Amino acid sequence: MALRSRGGWWPALCIGITASILAVYILLVTSNWIYLGWHDTLYFFSKSRMWERFWLTVWTATVSTSFSLFIGIPAGYALSRFRFPCRYLFASIIDLPIVVSPAVVGAFLFGITTRFPFDWISEYYGIYIGRNVYGVLLVQFTVTAAFCARLMKASFDMIPVRFEAVSHSLGASPLRTFFKVVLPMAKNGIIASMIVVWARAAAEWEGLMLFVGATEGKTDIMPFAIYLDWNGGMMGWVTSMSIVCILMAVSAISAMKLIGGRSNVW
Amino acid sequence: MIEIANLNGNLGEFHLRDINLKVNKGEYLAILGPTGAGKTVLVEYIAGIYKSDKGNILVDGEDITPLYPEERNIGYVPQDYALFPNLTVKKNIAYGLEARRMPPEQINSIVSEMISRLKIEYIQHRMPLNLSGGEKQRVALGRALTTEPKLLLLDEPLSALDENLRMEMARKLRQLQRDVNGTFIHVCHSFEEASDVADRIALMNDGTIIQTGTLKEVMEAPKNEFVARFMKSQNIFYGLSDGSTVKIGKTVLFRKNPFKGDVLVVIRPENIAIVENENNKGQNVFSGKVENAKRKPYFTEIAVDINPPFVIYSPTEKKYNKGDNIIISIPPEKIVVIEKSDS
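All values reported here derive from a predicted model rather than from experimental measurement. Within any chain, residue numbers begin from 1 and follow the written order of that chain's sequence. Here the convention is simple: chains get letters from A, ligands get numbers from 1, in the order in which they are written. Predicted model: local features are reported for residues with pLDDT of at least 70 only, side-chain atom pairs are reported and counted for 80 or more only, and whole-chain, interface and lining totals are derived from all residues. Values shown for side chains rest on all heavy atoms present in the structure; no hydrogens or waters enter the calculation.

Participant: Help me understand the overall build of chain A in this model?
Facilitator: Working definition: helices are DSSP H or I runs of at least four residues, strands are E runs of at least two. Numbering for both runs from the N terminus. Looking only at helices and strands, chain A has 12 helices and zero strands in total. Listed by position from the N terminus, the elements making up chain A come as α-α-α-α-α-α-α-α-α-α-α-α. Along the longest, intermediate and shortest principal axes, the C-alpha atoms of chain A span 70 × 65 × 30 Å. Buried means the residue's accessible area, taken with a 1.4 Å probe over protein chains only, is under 20% of the maximum for its type, while exposed means over 50%, and partly exposed covers the values in between. A burial count over chain A gives 43% of its 266 residues as buried. Taking the intrachain contacts of chain A between residues at least 6 apart in sequence as the baseline, contacts between residues at least 24 apart amount to 76%. As presented, chain A carries roughly 14,900 Å² of accessible surface, and 72% of it is formed by carbon and sulfur atoms. Taken as two groups, the 20 positive and 12 negative side-chain charges of chain A have centres that lie 15 Å from each other. Throughout, a contact is declared for two residues whenever any of their heavy atoms are within 4.5 Å. All accessibility values rest on the Shrake-Rupley procedure with a 1.4 Å probe; residue burial counts only the protein chains present in the view. Under the counting rule used here, the positive set is Lys and Arg, the negative set is Asp and Glu, and His together with the chain ends is not counted. Charge positions are represented by NZ for Lys, CZ for Arg, CG for Asp and CD for Glu.

Below is the structure:
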C-alpha cells in the first residue's frame, strides 16, 4: 500500500537520495564498461577462459544449492513445525555460518577434511575433498546450507498449520501431507529461496581462498577469479568478469522478486 | 456416541479444564461461548491436534485419546475452511479418499455424488482462491464428509459469511446433517446461530463447560450468572430468599425455591407479560413508568422503572413512550432462583 502522493521538500529529498544510490551503482557499472571499451568487451567475452569460469561457477553453485536444498528443506520444516529438545540452541547454531565470516568456515573445513568421514570417503571412494572442485562444492554447501534452512523455515512459517491439521483429519499421513499440501503451498517460497541460495553460492570466495586455493580452470569460480586476476593486474579480465557477475546477480534478483513477491518470503 | 471424560489440556497460557461432554450419534451439538472461552481449543483437542494431559475421548466406546489425527476418522472444518489452494475443488473433495488409497473409480463415484449433493457442479474444476465464502464452505463440508467421519467438527463455519447467507447456510448445514445422519459439533459464539442448527448446546467459559442442554433448557434454567448473561436474560438481580418469596430491591416476588438467604434471580424479558387490565391485582403484578422503549425487528424492548428496573419484550405493534404507565406480570414459574454461591 502506498501513501497518497504529495509534493513538498520531504518526499523530494527521500526520492532524491534513492535516485542518488541508484546513480552511484549505474555510474560504477557504466564507468567500468567505458574503461573496458566496446572492442575489449567483445574480446574478453569471446574468450573460452571467461566462459569456462562462468560455467564452473554456474554448475558448482547449482550442485551445492541442490545439496543445500536437500538438507535445508527438512531442516527448515523441522525448525518451523516441530518442538524438540535444544530447538533454540540448534536454531542458533544453524545460524552461525550466516553470521560468521566464510573465511572462518574455510579455515574450519581445512581442519576437518583429514578426519572422519572425509578421510573415509577419500580412502574407500577415492574422492579427495580439498584443493579441487569437490572442495569448492563443500565450501559452497557449508556456507549456504544453514542459510537455506533459514529461508526454508521462513517459507514454511508462511503456511498456517491448519492446512496440515485438516489434511491429517482427512486421513493423510504426515509424509503425504508434506508432499501433497505443504510443499506445493511453499513452492514459490522455495523457488525464491533457492535463487538466493544459488546466488550466495556463486558469490562465495573467502572460504574458497583459505580451503581450496586457486587452480586455473578447476577451482577459480568467478568471484575468486576476479580476486586472482586483480592481484595479477589483469584489469580487463577483472572488469569483464565483474560485469558478468553483475548480470548474473541482476538476473537472480529479478527472478527472486518475480517469484518471491508472490511467495511473501521477500 | 462421542464421550469426553475429564479432558484436561495445558497449552501454556491456556488451560482446558475437566471437560465432560456426551454427543449422541446423529446429534448436532453447538459449543457456545465468548471469545477466548476455549471452544476452538476443545475442538482441536477432539481432532487430535493437541495431546491431552488427562482424560479420555471415546468414540462408540473406543478410546481414541492416544490416536493421531489421521487415525481418528474425525472430520475438521476450520474457520477459514483451509481449502488446499494448490488443488481444484474436485481434488480437494477427493483428498481424503486418495489418502485412504481407494480405487480411482470408487473415488470418482463418491466425489461426484458429493458434488451433486452440495450442488457445486459448476465450480468443481475451479481453484479455491476464486470461490465465494458460501462456495468455500460447501467445498470444505464436502471434503470432510466424503470420508464419512464418525464426528464432524465445525469451527465457526458461518462466521465468514454475511448475515443473509449465514441464515441460508445454517439451514443447509442442518439439512445436510440430517441427510447424512452425521454427528456434528459446531463452534459458534452466538446463540441465534446455535438455535438455527443445533439440537443441544454446550456453554463454555474459561476453558471449561459450564452447562449443556437444549437451547430452551439453558435459556429457561441458566446454571449461573455467566450463563444467564450470555443467554441475554436481561433481568438479573441479587436478592434475598425466604423459601417462598424473593426480595429484590423494594420488590417482593412470589416464587417457591429451596434456598434461604442470598440468591440470584433471573427473569427472561420475554417471560414478563404486560397487563392491559388495570384491575389485575394477582401475584407478581407491578406497575411502573416506561423509562425507555426501543423498537426492534420483531418486538419492542421496554425498560420499566420498577425498583429494580425490569426489561420486557412486547411482541405487539403497540407504541410505548417514555413516562407511560405500564403494568407487568411475572409468572412465578418463570422466575429462576439460583443459590448465590453457585453464581
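More follows now that the structure is in view.
Participant: Any chance you could explain the sheet that holds strand E15 (residues 273-275) of chain B here in plain terms?
Facilitator: Backbone-to-backbone hydrogen bonds pair the strands of a sheet. The strands run either parallel or antiparallel. All names here are of chain B. Pairs of strands are assigned from DSSP output, requiring at least two bridges between the strands. Taking strand neighbours across the sheet as the criterion, the five strands line up as E15-E19-E16-E17-E18 in an open arrangement whose pairing is antiparallel. Taken across any chain shown, the strands that pair with only one partner, and hence form the sheet edges, are E15 and strand E18 (310-314). Averaged over all pairs of adjacent strands, the angle between strand axes in this sheet comes to 50°, irrespective of strand direction. Pairing between strand E16 (residues 285-295) and strand E19 (residues 325-329): five bridges, direction antiparallel. Pairing of Val285 across the sheet is with Ser329, part of E19. Comment: axis = line fitted to C-alpha atoms, over the contacting stretch for helices; angle = value between 0 and 180 degrees taken between N-to-C directions.

Participant: What am I meant to see in the pattern of salt bridges here?
Facilitator: Any two side chains of opposite charge can pair, given that their charged atoms come close. Residues and elements named next belong to chain B. Any carboxyl oxygen of Asp or Glu within 4 Å of a side-chain nitrogen of Lys or Arg constitutes a salt bridge here. Using the criterion set out here, one finds 21 salt bridges over all chains in the structure. Two residues, Lys22 and Glu3, come together in a salt bridge whose shortest N-O distance is 4.0 Å. Of this pair, Lys22 sits in strand E2 (residues 15-23) while Glu3 sits in strand E1 (residues 2-10), and the two are 19 residues apart along the sequence. Its relative accessible area of 46% is what places Lys22 among the partly exposed residues. Residue classification places Glu3 among the partly exposed positions, given a relative accessible area of 25%. Put simply, Lys232 and Glu192 hold a salt bridge, and the shortest N to O gap is 3.5 Å.

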